[in-house]
Amino acid sequence: MNMNIAMIKRNTLMLSMGLFFSQPIYAAGTLDGVAKIFPGKTPLLFTTGVLSKSDEVQLEFVRKDGKEQCCTKASIEKEIRLGPDDFVTDAMDNRDMHVYGLKLSKSLAYPDPFIGIAVIGENVNVQAKGAQYLITDEKLTSTVSTCYSQEGMHVIRREGKKKLSHLYISLGYDVEPTCPKKM
């Protein structure tokens, strides 16, 4: 009988440690995502998080004059299946990606398709700082930046030099690479 109790305790400890180490530590406060906004279609959010309708989402968007700006708020309508033309991955930890249809808090008038950053979390402050966004939540301050490889966009979040997340979305066509050789 004592052997069974010891085995249960050991297995419980191992399961607890496995769950703890399988989740990024920063994820409790803020999640990253990729926003895909195409005129005439439901705006989409790609993220590794399992979200609910009550989660707060902020999206980068493009003004009428074509300049990127942060941020507009959006609410989650429902989780949807990844479309056949959508290839989005967690390039750092290979976690499963989830796709959500969004409802924007205000109408955007930019006529062309746009793909940008998304930040998910409560009490998160997002500010443009040059080519990056400064993300401040209750746990830490980090930066999110984007760059392009041969045919996709990378969204990379860092705390100082430490990489916290790295999402990749294929654009389906060649673009001028802007990413550094070492990411």
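Conventions and cut-offs
- Residues numbered from 1 in each chain as written.
- Predicted model: local features only at pLDDT ≥ 70, side-chain atom pairs only at ≥ 80, totals over all residues.
- Heavy atoms only, no water.
- Pairing = 2+ DSSP bridges.
- Helix = DSSP H or I, 4+ residues; strand = E, 2+ residues; numbered from the N terminus.
- Axes fitted to C-alpha atoms, helices over the stretch in contact; angles between N-to-C directions.
- Salt bridge = Lys/Arg side-chain N within 4 Å of Asp/Glu carboxyl O.
- Buried < 20%, exposed > 50% of the residue type's maximum accessible area, 1.4 Å probe, protein only.

### A few points about the sheet that holds strand S10 (residues 141-148)
Thinking step 1. Pairing within the open sheet is antiparallel, and its six strands lie in the order S5-S12-S11-S10-S9-S8. Bordering the open sheet on either side are strand S5 (88-90) and strand S8 (125-129), each of which pairs with just one other strand. Averaged over neighbouring strand pairs, the angle between their axes works out to 20° when direction is ignored.
Thinking step 2. For S10 and strand S11 (residues 152-159), the ladder comprises six bridges, and the chain directions are antiparallel. For Thr 146, the partnering residue across the bridge sits in S11 and is Val 155.

### With respect to the pattern of salt bridges
Thinking step 1. Under the counting rule described, the total for this entry stands at five salt bridges.
Thinking step 2. Here Arg 157 ties to Asp 32 by a salt bridge, and the two come within 3.3 Å at their closest N and O atoms. Of this pair, Arg 157 sits in strand S11 while Asp 32 sits in strand S1 (residues 31-37); the two residues are 125 residues apart in sequence, bridging distant segments of the chain. When sorted by exposure, Arg 157 lands in the same class as Asp 32, which is buried.
Thinking step 3. Two residues, Lys 36 and Asp 86, come together in a salt bridge whose shortest N-O distance is 2.4 Å. Residue Lys 36 is found in strand S1, and its partner Asp 86 is found in the loop between strand S4 (68-80) and S5; the two are separated by 50 residues along the sequence. By the burial criterion, Lys 36 is buried, and Asp 86 matches it.

It is worth stressing that arrangement in space is one thing and function is another; only the former is reported here.
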